[in-house]
Amino acid sequence: MSRALRVLLAGGRPRKAQIDAFLEAHEFPLVEGNHVTFIWRGQAEAVRLRHFVYALQTEVNFQRVAGTDLWHCGLDLPRGSRIEYKIDVVRGGKHHWIRDPLNSRMATDPFGANSVCACDGYVVPDWTVPDAEARAGTLEEHWLEPTPFGEARKVTVYLPARFRQSRRYPLLVVHDGGDYMRFAALQTVLDNLIHRGEVQPLIVALSHPGDRLVEYPDDPRHTSFVAETLLPFMEARYPLWPDAAARVLMGASFGGVASLSVAWRYPGVFGGLLLQSGSFAFTDIGQHQRGPAFDPVVRFVNAFRENPGKPATRAYLSCGQYESLIYENRSMVPFLQGIGIETKFSESRDGHNWENWRDRLQEGLSWLFPGPLWMLYE
Amino acid sequence: MIILLGPQRLAPIVGEVAREHGIHGRAAVVTAGWQEREAEDEELFAALGLPGVNLQLYHRWEEVARTDPTLFAAHRERQDQLRALEELYDKRLAHVMAAARELLEAEEPVELLQAERASAMDAVRALDDHHLRRVADIHAAFEDRVRPFEHPALLRHRAEIAEVLVGADVLVIAGGHVGVLLNRLRLFGIADHLPGKHVIAWSAGAMACCERIALFHDSPPQGAGNAEVFEHGLGLVPGVVALPHASRRLRLGEPVRVSLMAQRLAPDWPTTFDVRDVVVIGDDGRLVTVRGARRLRADGTVTPLADAVGLRPGGEA
């Protein structure tokens, strides 16, 4: 229990005015060193914390302060942790998953929004927020047709600030490009890192999937779309370096699987991989336990492990320690190194979410596309 | 008079500083550090408020490279050599810097530490000096072997530039890519024409005016952030090593890092240049005006350079 809460409860059951003052005086959740105290106020049959940290019990019961409408629960989290959570309020036997009304900090994703708890040591990187000094890149939209999907597909293209047709640029292909822009501030990140010289000016093709759970795990229509439709379009339209070393595939979760499968089916075409929390589930023997959506993933990763070839020359992987996928990602590192891929791996005290992926972009992009940082003094 | 400024892009003061110090007449401008954007100088001239001409050193070299492929190939070969040498220097630097930093952070045994720290710093300085000598050797070998200044394609541009500079009262050197900028300043012999002229320079331009150029970033996304000595500059400002964007690129609140930088670059004064900073050096090499700029000290502090107005930078003062 946090010190602030102990003080409140020290005199026995707190009065309403004391609780009001307590809630007014503090920011929530209460973070003291490694201990976090979550607070909720209201009438309910039960209140639970849903925190999406894989290694911990998935729900933690709040305790009610007797005779009041104040509820609290505690969690020990290592320094530097950042977690997303919801509060499950049970009323009339029904569960209501809500964001923490006492915490304005939240993160959005394709499914909605979660509350965010940032522990001591976690800082939002300054390169993820708009910088008045950074010149902005521009976006163009194209519809590609025909495609192996039998329908037109949209691609959004990011051109760096001060783009010039007379220069040549490396290419980054981003799976779930729209989500990266909306939930991981990708455009701001690119503008800032390029402006600071940490990443070289590059052209980014942001793809937008149909049914990603079907298309991403080694669907030949998708791999063909990227390598035989999207890439030729980009090369015809934009001044790109014509070699594999200057082409990188990027994606998170199933998008990581998609990136690897494209590179695997088209060896020598893409030189780099940026794989965030890749869903690299596999089996050495027996059946996996992750549900039917993972069947094609496991088939692909098993096939890749059986016959990897050399799909790329450099790979940057990241994964949160609070994800179930951390083990698969860790195991991927020596495997990739073993087939001759120069591999860099980064872990964070975070979960399977877009802000975790956002926070790792500087390290991954600056490693794969090192910019003129040391020489640039504008 | 030489005027060094902090970054000018967002809050340019170059015009007001020039007027304040009675600089008028025609300007010759170098924006080669901007590379392909060299010609996009409208905002610069508007801020400067003086008539003049852009020397277009970047563009001129592109033209030389097109018309003299032999010189271009030899130049590229030298640049490749310099890059390879820099990689070797980096490998060695990582070790000596780690040792120097570790000893600076150590607390005991007190009676032995001082001499060991000094020796560790000597090792860093010896490596820096060695690197600068090797760089100079590569330049000298290039000039002996290729004799670039006898190539007609380059000579023609050098003559044109000399003519422009005769009619210029002030040379203005903007920032950008410090390697490209220094390279073009040297190729076209700009320093030969500066006596009797004022110079105003900022960011990479200010770095190029110093005797030594240090590349620095305390928090790069990759690597340990060990500053590197890069090359000798034009030597117009003895005793100063310019550190543009210092507040963003350096951890000035960390005494060990500050001390390391100061000791390493001694007897020169590593000097910060942030937005709106001004340092004016008179013809006798003494500091005339200082606004904002600060000096990194061996004791780990960062102190106003204004305290040294009237002095020649460099040494222990």
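So, how was this worked out
Here the residue numbering is sequential within each chain, running from 1 through the sequence in written order. Here chains are named by letter from A upward and ligands by number from 1 upward, in the order in which they appear as written. The model is predicted, so local features are restricted to residues of pLDDT at least 70 and side-chain atom pairs to those at 80 or more, both for listing and for counting; the totals for chains, interfaces and linings are taken over all residues. Helical segments are the DSSP runs of H or I of at least four residues, strand segments are the runs of E of at least two, and each set is numbered from the N terminus. Radius of gyration here is computed from C-alpha atoms only, and the compact-globule reference equals 2.2 Å multiplied by the residue count raised to the power 0.38. With C-beta atoms placed from the backbone, the exposure class of a residue follows from how many other C-beta atoms lie within 10 Å of its own: 20 or more, buried; 12 or fewer, exposed; in between, partly exposed. Contact definition: two residues whose C-beta atoms, as placed from backbone geometry, lie within 7 Å. Here, strands pair whenever DSSP counts at least two bridges between them. As a per-residue quantity, pLDDT reports the predictor's confidence and falls between 0 and 100. As a rule, the C-alpha atoms of each element are fitted with a line to give its axis, helices using only the stretch in contact, and angles between N-to-C directions run from 0 to 180 degrees. Small angles under 35 degrees read as roughly parallel and large ones over 145 as roughly antiparallel, with 65 to 115 read as roughly perpendicular and the rest as oblique. Crossing handedness is defined as follows: a turn of the near helix away from the far one that is anticlockwise and smaller than a right angle gives a left-handed crossing, while the clockwise case is right-handed. Asp, Glu, Lys and Arg are counted as charged, while Ala, Val, Leu, Ile, Met, Phe, Trp, Tyr, Cys and Pro are counted as nonpolar; the rest, among them Gly, fall into the polar class. A helix's residues, less one, multiplied by 1.5 Å, set its expected span. Nonpolar core, as used here: buried Ala, Val, Leu, Ile, Met, Phe, Trp, Tyr and Cys residues forming one set through C-beta atoms within 7 Å.

Asks: How should I be thinking about the overall build of chain A in this particular structure?
Replies: Helix and strand content of chain A: eleven helices and 19 strands. The globule rule puts the C-alpha radius of gyration for 378 residues at 21 Å, and the 23 Å found for chain A is close to it. Overall, chain A is about 75 × 60 × 40 Å in size when its C-alpha atoms are taken along their principal axes. Here chain A, with 378 residues, has 44% of them falling under the buried criterion. Taking the intrachain contacts of chain A between residues at least 6 apart in sequence as the baseline, contacts between residues at least 24 apart amount to 72%.

Asks: Where do I start with the overall build of chain B in this structure?
Replies: Within chain B, the secondary structure is distributed over ten helices and 14 strands. Here the C-alpha atoms of chain B give a radius of gyration of 20 Å, agreeing with the 20 Å that 2.2 N^0.38 yields for 317 residues. Viewed in the frame of its principal axes, chain B has a C-alpha envelope of about 65 × 45 × 35 Å. Expressed as a percentage of its 317 residues, the buried residues of chain B come to 44%. Taking contacts inside chain B between residues at least 6 apart in sequence as the whole, the part at least 24 apart equals 74%.

Asks: Whenever I open this one, the sheet that holds strand S2 (residues 35-41) of chain A confuses me. Can you help?
Replies: Sheets are built from strands paired through backbone hydrogen bonds, the pairs being either parallel or antiparallel. Residue and element names in this part refer to chain A. Taken together, four strands build an open sheet; the order of strands is S1-S2-S6-S5 and the sheet is antiparallel. The open sheet has two edge strands, strand S1 (30-32) and strand S5 (63-64), and neither has a second partner. The pairing of S5 with strand S6 (residues 70-76) spans two bridges and is classified as antiparallel. If you follow Gln63 over to S6, its bridge partner there is His72.

Asks: Looking at this structure, how should I read the confidence of the model for chain B?
Replies: Low-pLDDT portions of the prediction should not be read for the details of their coordinates. Mean pLDDT over chain B: 96, with 100% of residues reaching 70 or higher. Listed scores for the predicted complex are pTM 0.90 and ipTM 0.96.

Asks: Explain the packing of helix H3 (residues 57-67) of chain B against helix H6 (residues 152-166) of chain B here, please?
Replies: Helix packing for two helices is described by the angle between their axes and how far apart those axes are. Residue and element names in this part refer to chain B. Where H3 contacts H6, the two axes come as close as 9 Å, and the packing angle between them is 155 degrees. When the axes of H3 and H6 are compared, the pair comes out roughly antiparallel. H3 and H6 meet at a crossing whose hand is right-handed. Across the interface between the two elements, Arg60, Val64 and Thr67 of H3 pack against Ala153, Leu154 and His157 of H6. Residues that form the contact of H3 with H6 fall into these classes: three nonpolar, two polar and one charged.

Asks: Would you take a moment to explain the interface of chain A and chain B for this structure?
Replies: Interface extent is often summarised as the accessible area lost during association of the parts. Counting residues at the interface gives 18 residues for chain A and 20 residues for chain B. Secondary structure elements with two or more residues in the side of chain A that touches chain B: helix H11 (361-368) and strand S19 (376-377) of chain A. If one sorts the elements of the side of chain A that touches chain B by residue count, H11 of chain A sits on top with four residues. When the residues that make up the side of chain A that touches chain B are grouped by side-chain class, the tally is eight nonpolar, three polar and seven charged.

Asks: I'm lost on unusual backbone geometry in this one. Help?
Replies: For residues other than glycine, phi is negative in most cases, and the peptide bonds are mostly trans. Backbone torsion omega between Glu145 of chain A and Pro146 of chain A reads 0 degrees, so that peptide bond is classified as cis. The residue Pro146 of chain A is located in the loop between strand S11 (138-144) and strand S12 (153-159) in this model. Between Ala266 of chain B and the following residue, Pro267 of chain B, the backbone shows a cis peptide bond with an omega angle of 10 degrees. One can find Pro267 of chain B in the loop between helix H10 (255-265) and strand S10 (269-273). Positive phi outside glycine occurs at Asp218 of chain A, with the angle close to 65 degrees. Position of Asp218 of chain A among the secondary structure elements: in the loop between helix H5 (212-215) and helix H6 (220-237). Residue class for Asp218 of chain A comes out buried when judged on the 21 C-beta atoms lying within 10 Å of it.

Asks: How should helix H9 (residues 326-338) of chain A be read in this particular structure?
Replies: Residues spaced three or four apart along an α-helix point in a common direction, a consequence of the helix completing one turn every 3.6 residues. Residues and elements named next belong to chain A. Given a rise of 1.5 Å per residue, 13 residues ought to cover 18 Å, and the 19 Å separating the end C-alpha atoms of H9 matches this to within 8%. Those residues of H9 lying buried are Asn329, Met332 and Leu336. Elements in contact with the buried residues of H9: strand S17 (314-320) and strand S18 (342-348). Looking one or two residues past H9, Gly340 carries a phi angle of roughly 90 degrees, positive in sign.

Asks: For this particular structure, what's the right way to read the pairing of strand S14 (residues 203-207) of chain A?
Replies: Along any regular strand, the residues point their side chains to alternate faces of the sheet. Residue and element names in this part refer to chain A. Burial analysis of S14 places five of its five residues in the buried class, which makes it a mostly covered element. Because side chains alternate across S14, one face comprises the buried residues Ile203, Ala205 and Ser207, and the other comprises Val204 and Leu206, equally buried. Here S12 runs beside S14; their pairing, made up of four bridges, is antiparallel. Counterpart to Val157 in the pairing with S14 is Ala205. Of the strand pairs in this sheet, strand S13 (residues 171-174) and S14 are connected by four bridges, and their pairing is parallel. Across the sheet, Leu171 pairs through a bridge with Ile203, a residue of S14.

Asks: How should I be thinking about the nonpolar core in this particular structure?
Replies: Here is a general trend for soluble globular proteins: nonpolar side chains tend to be buried in one another's company. With 94 residues, the main nonpolar core has Leu4, Val172, Ala208 and Cys209 of chain B as its most contacted residues. Excluding its chain neighbours within four sequence positions, the residues that come into contact with Ala208 of chain B are Ile173, Val178, Leu181, Leu182, Leu185, Ile213, Gly233 and Leu234 of chain B. Residues Val257, Ala258, Trp264 and Ala312 of chain A belong to the second largest nonpolar core, which totals 68 residues.

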